[in-house]
Amino acid sequence: MRPMKLSVILASLALLGPSVVSLSPSVATAEENPSITAANPAAPHAEETDAERDARLAWWREGKFGMFVHWGIYSTTGGLYKGQKLPNSAEWMMARGKIPIAEYSKYADQFNPTKFDADEFVARAKQAGMKYIVITAKHHDGFAMFGSKCNDYNVVDATPYGRDIMKELAEACQKQDIRFGFYYSQAQDWHHPGGFGNGWDKTIKRVSSDEYVMKKAVPEVKQLLTDYGPIGIFWWDTPRKMSKESFDALHSLTGIQKNVITNDRLGEGYIGDYKTFERHIPAQAPVGKDWEVCMPISGSWGYKIGDNDFKSTKTLIRNLIEIASMGGNYLLNVSPTGEGTLLPPAIERLKQVGQWMEVNGESIYGTVASPLETLDWGRCTRKEANGETTLYLHVYDWPADGKLLVPGVKNNVQSASLLDGGETLPTESTDAGIAVSLPAEATDEYASVVKLTVDGTLDVEVSLPTFNRKGSLVLTADKAYINNNEGSQDAALRAHDEIPHVGYWLDNEASVEWAFRTTEPGEYEVHAVLSVEAPQTKLVISAGDQSLTAEVKSTGGYGKYQEKSLGRLKINEPGDHTLRVKPVADAWNPINLRQVELRRAKK
Ligand code: H79
């Protein structure tokens, strides 16, 4: 055994969880707003019961699908600075171009979105099937897209447009019965001398971050939660280290509206109501948590000229299904131009997603994750109520033999039908699960949905992971059974960049295993995604009486992951097997192991 580097140990300790933060009393009552509560404003929801929390989050869990909007004075140039394209997302233009404050502020003079119509804008979200909108009230550039009362760097006072866009949107959302929320970048502010992030403008006469928070962020957030009616979500972004006073002052403000839902990005230890994933869908859902994936419809969050990287309608619909099948929400971003309109490809996709939702929305709204995770034909969402369970089977790959197997489900079937058209489908209960007979043709090019209702709560025999049609099986760390010394920290599940790995693997006796099933015995290539800090290490991979020994060279550090080809393994019999990864005791140096993949070898 070798001692680990201090940095690794500290990183591991940090993963044990954020420290509990106590809250100091202070701040905020607002006189005019009826939805404001004075009850314990300093620690919003601290005394809430589980039932109260469920009630507060009910609309958001039910709604599943929201619109994110990035709009600011950067949108006027479409991310072009002096006619030049800058790398990355357009809302980062000021930082990427190292644009001085005095120069960047002038983009406000060009902000005049005369084609903007709040009612039409909200209607587009609604028609797409979205149940909430979250819009950038202030991004890192510091410009307020509302009539800020504490400084005039805002859309009302500093632009020819002169209208409070947030007020118009808030009202349109109220009218059209869709929830409204604010994005607010609370720590970064490239305009204020106390904000984080602006290291390029040498004219800044620095003040403390506390001064920025107390003089700008706090009054602005307070105004947003006071003057704009009921706010569904307050979406913080890019946590930075600030004083406890600053954190608590901001945190306490969300107590102004007792029903507001917040994300997890205020700061470490302030977990909010739900976890966020940015730009990607996690491989597995976080356990026991509400969560949301935010993603731009194209490449950039803010409108960017030349960004034609629009996700296809199929991808958007399948992302929504994928996320819902794991129990999460999808916050899909659109990027208004300086004129206040969306580009045609975005409008078209929103319409198409809406058409799919019009027919199939019941398979998304109000659903929860289903335990049927590995389905070779698609995805599954679930609803349980009144002593019955409905499974929504999202069929991506229409079975050639017309039989859709819902593996392992033992419940008594009540009914099965297609959501599109309502045709009733015959079913048969078999040893392998419920087989639904499908018509010859899929009903939908993106995902056809079968509604299968069964008696009672779901009784499903957990099926072992098996190979997909391409002959690949990925076994991830979070699904592994870890044989380690009970109570020891060694060889345990940890994470880097939110991707789980088996780490701190100091004990050369510890091993990791997965059960799996194969119907096709033969030779498999073994690949692993791992990191090694030492120059090399040695491990054994085995299944049944077959094994291979692999020497793996350093990947350059514990945080540096690589995919390594480890060799070939024979699997002699069809059926259930256990794949085991074990150190070679006298040649072992710790690894962090994210996954092992078996790929059927070409004959
Ligand atoms: O508002 C959107 C992003 O602007 C914001 N969060 C979403 C919702 C965000 N701010 N920072 N980050 C996300 C992560 C930091 C990314 C960075 Fe970069 C990588 C900063 C510098 C390098 C890529 C390149 C983004 C800006 C420049």
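Residue indices follow the written sequence of each chain, beginning from 1 at its first position. In view of the model being predicted, local features appear only for residues whose pLDDT reaches at least 70, and side-chain atom pairs are presented and counted only at 80 or more, with totals across whole chains, interfaces and linings using the full set of residues. Side-chain numbers here rest on the full set of heavy atoms in the structure, without hydrogens or water.

*Asks:* Hey, could you go over the sheet that holds strand S23 (residues 511–518) for me, with residue numbers and the actual values?
*Replies:* In this analysis, strands are considered paired if DSSP registers two or more bridges between them. Only DSSP runs of H or I covering at least 4 residues are called helices, and only runs of E covering at least 2 are called strands; the numbering of each starts at the N terminus. Spatially, the 5 strands line up as an open sheet ordered S20-S23-S28-S25-S26, and their pairing is antiparallel. Where the open sheet ends on each side, the last strands, each with one partner, are strand S20 (481–483) and strand S26 (546–553). For this sheet, the mean inter-axis angle between neighbouring strands, taken without regard to orientation, is 25°. The pairing of strand S25 (residues 536–543) with S26 spans 8 bridges and is antiparallel. What sits directly across from Leu539, in S26, is Ala550. What counts as an axis is a line fitted to C-alpha atoms, over the stretch in contact for a helix, and the angles between N-to-C directions run from 0 to 180 degrees.

*Asks:* Outline the site of the ligand, listing residues and values.
*Replies:* Around the ligand, 13 residues are found, and the nearest of them are His70, Glu91, His139, His140 and Asp237. In protein, a polar contact means a hydrogen-donor-capable atom and an acceptor-capable atom, both N or O and within 3.5 Å, with residues adjacent in sequence counting only if both atoms are side-chain atoms; elsewhere, any N or O pair within 3.5 Å suffices. One of the side-chain nitrogen or oxygen atoms of Glu91 is found 2.6 Å away from an oxygen atom of the ligand. Residue Glu278 places a side-chain N or O atom 3.2 Å away from a nitrogen atom belonging to the ligand. To be near a molecule or strand, a residue needs just one of its heavy atoms within 4 Å of it.

*Asks:* Which residues make up empty space enclosed by the protein, and what are the values?
*Replies:* Site definitions follow a grid-based scheme: protein atoms alone, a 1 Å grid, a 1.4 Å probe that fits but cannot get out for cavities, and for pockets an open set with protein on both sides within 12 Å along at least five of seven lines, plus lining residues having an atom within 4 Å of a point. Grid points are joined across faces, edges and corners, and a volume is the space filled by probe spheres set on the points. Inspection of the entire model under this criterion finds 2 cavities of 30 Å³ or more. Here the largest cavity defines a volume of roughly 90 Å³. Surrounding the largest cavity, Ile297, Ser298, Ser300, Gly302, Tyr303, Lys304, Asp307, Phe310, Val334, Ser335, Leu343 and Ala346 form its lining. Residues are grouped as follows: nonpolar covers Ala, Val, Leu, Ile, Met, Phe, Trp, Tyr, Cys and Pro; charged covers Asp, Glu, Lys and Arg; every other residue, Gly included, is treated as polar. Residue composition of the lining of the largest cavity, by class: 6 nonpolar, 4 polar and 2 charged. If you trace the second largest cavity, you find it lined by Gly79, Leu86, Pro87, Asn88, Ser89, Ala90, Trp92, Met93, Arg96 and Lys304.

*Asks:* Outline the pairing of strand S28 (residues 575–583), supporting the account with residue identities and numerical values.
*Replies:* Here S23 runs beside S28; their pairing, made up of 7 bridges, is antiparallel. Each bridged residue has a counterpart across the sheet, and for Glu513 the counterpart in S28 is Arg580. Relative to S28, S25 runs antiparallel, the two sharing 5 bridges. Within S28, the position partnered with Val540 by the bridge is Lys582.

*Asks:* Mind laying out the layout of surface pockets, listing which residues take part and the relevant values?
*Replies:* Approximately 490 Å³ is the volume found for the second largest pocket. Taken together, 25 residues make up the lining of the second largest pocket; nearest its centre are Lys131, Asp177, Ile178, Arg179 and Phe180. The class makeup of the residues in the lining of the second largest pocket is 11 nonpolar, 8 polar and 6 charged.

*Asks:* Which residues make up the nonpolar core, and what values go with them?
*Replies:* Remark: nonpolar core denotes a set of buried residues (Ala, Val, Leu, Ile, Met, Phe, Trp, Tyr, Cys) joined through side-chain atoms within 4.5 Å. Accessible area is worked out with a 1.4 Å probe on protein chains only. A residue is then buried under 20% of its type maximum, exposed over 50%, and partly exposed in between. Counting 99 residues, the largest nonpolar core has Ile165, Phe180, Phe182, Phe234 and Leu250 as the members making the most contacts within it. Mapping this core onto the domain boundaries places at least three of its residues in each of domain 1 (6–18 + 49–361) and domain 2 (378–455). Every residue in contact with Phe234, bar those within four places of it in the chain, is listed here: Phe182, Tyr184, Val221, Leu224, Leu225, Thr254, Val260, Ile261, Thr262 and Asn263. Among the nonpolar cores identified, the runner-up in size contains 34 residues, and Leu475, Leu539, Ile571 and Leu579 belong to it. An automatic or database domain assignment supplies the start and end points of every domain. It only takes one pair of heavy atoms within 4.5 Å for two residues to be counted as in contact.

*Asks:* So what's going on with the environment of Asn360? Which residues, and what values?
*Replies:* Within the secondary structure, Asn360 sits in helix H11 (residues 344–360). The sequence separation of Asn360 and Tyr392 amounts to 32 residues, and the corresponding C-alpha distance is 9.5 Å. Those residues in contact with Asn360 that sit more than four places away from it in its chain are Leu419, Asp444, Ala447 and Val449.

*Asks:* Please give an account of the packing of helix H10 (residues 313–325) against H11 that cites residues and values.
*Replies:* The geometry of H10 relative to H11 is characterised by a closest axis approach of 9 Å and an angle of 50° between their N-to-C directions. The orientation of H10 relative to H11 falls into the category oblique. Seen from above, H10 lies across H11 with right-handed handedness. Contact residues: Thr313, Leu316, Ile317, Leu320 and Ile321 in H10; Arg349, Gln352, Val353, Trp356 and Met357 in H11. Its residues assigned to classes, the contact of H10 with H11 shows 7 nonpolar, 2 polar and 1 charged. Oblique is the label for every angle not falling under 35 degrees (roughly parallel), over 145 degrees (roughly antiparallel), or within 65 to 115 degrees (roughly perpendicular). Crossings are sorted by hand: turned counterclockwise from the far helix by less than a right angle, the near helix makes the crossing left-handed, and turned clockwise it makes it right-handed.

*Asks:* Hey, could you go over the pattern of salt bridges for me, with residue numbers and the actual values?
*Replies:* A side chain of one charge can pair with a side chain of the opposite charge if their charged atoms are brought near each other. Basic side-chain nitrogens of Lys or Arg form a salt bridge, by our definition, when they fall within 4 Å of a carboxyl oxygen of Asp or Glu. Counted by the stated rule, this structure contains 33 salt bridges. For the salt bridge of Lys410 with Glu461, the shortest nitrogen-to-oxygen distance reads 3.4 Å. Taken together, the residues Lys410 in the loop between strand S14 (403–407) and strand S15 (413–418) and Glu461 in the loop between strand S18 (448–455) and strand S19 (472–476) connect sequence positions 51 residues apart. Salt bridges linked by common partners bring Glu48, Arg53, Asp54, Arg56, Arg61, Asp273 and Asp290 together as one network.

*Asks:* Tell me about the domain arrangement of the chain, and please be specific about residues and values.
*Replies:* One frequently used descriptor of interface size is the decrease in accessible area upon assembly of the parts. According to the domain assignment, the chain consists of domain 1 (6–18 + 49–361), domain 2 (378–455) and domain 3 (472–600). Relative to domain 2, the C-alpha centre of domain 1 lies at a distance of 37 Å. Contacts between domain 1 and domain 2 engage 12 residues on the former and 12 residues on the latter. Applying the counting criterion to the domain 1 and domain 2 interface returns 1 salt bridge. Its salt-bridge partner being Glu322, residue Arg379 comes within 2.8 Å of it at the nearest N-O pair. Of all the elements in the fold, those that place two or more residues in the side of domain 1 that touches domain 2 are H10 and H11. It is H10 that contributes the most residues to the side of domain 1 that touches domain 2, 8 residues altogether. Taken together, the residues of the side of domain 1 that touches domain 2 break down into 5 nonpolar, 4 polar and 3 charged.

*Asks:* An account of helix H8 (residues 209–224) is needed here, citing residue identities and associated values.
*Replies:* In the structure, H8 departs most strongly from a straight axis at Ala217, where the bend amounts to approximately 35° and where the proline Pro219 lies between one and four residues downstream. Along H8, the residues classified as buried are Ser209, Tyr212, Val213, Lys216, Ala217, Val218, Glu220, Val221, Gln223 and Leu224. The term bend refers to the angle at a residue between two fitted axes, each drawn through seven residues, those ending there and those starting there.

*Asks:* If you had to explain the packing of aromatic side chains to someone new, which residues and values would you point to?
*Replies:* Between 30 and 60 degrees the pair is tilted, below 30 it is stacked and above 60 it is edge-to-face, where a pair is any two Phe, Tyr or Trp rings, Trp via its six-membered ring, whose centres lie within 6.5 Å. Counted according to the given criterion, the structure contains 24 aromatic pairs. Plain terms: the ring middles of Phe65 and Tyr330 are 6.0 Å apart, the flat faces sit at 15° to each other, and that makes the pair stacked. On the criterion of sequence distance, the pair formed by Phe65 in strand S1 (residues 65–69) and Tyr330 in strand S10 (residues 329–334) is long-range, its members being 265 residues apart. Judged by relative accessible area, which is 1%, Phe65 ranks as buried. Ring centres 5.8 Å apart and planes at 20° place the aromatic pair Tyr183 and Trp235 in the stacked group. Linking Tyr183 in strand S5 (residues 179–185) with Trp235 in strand S6 (residues 233–237), this pair joins segments that are 52 residues apart in sequence. Classification of Trp235 by relative accessible area gives buried; the value is 1%. A network of ring pairs unites the aromatic residues Phe68, Tyr183, Trp235 and Trp301 as a single cluster. Should the NZ of a Lys or the CZ of an Arg lie within 6 Å of a ring centre and within 35 degrees of the ring normal, that charge is described as sitting over the ring. Sitting over the ring of Tyr228, Lys167 keeps its end group 5.0 Å from the ring centre.

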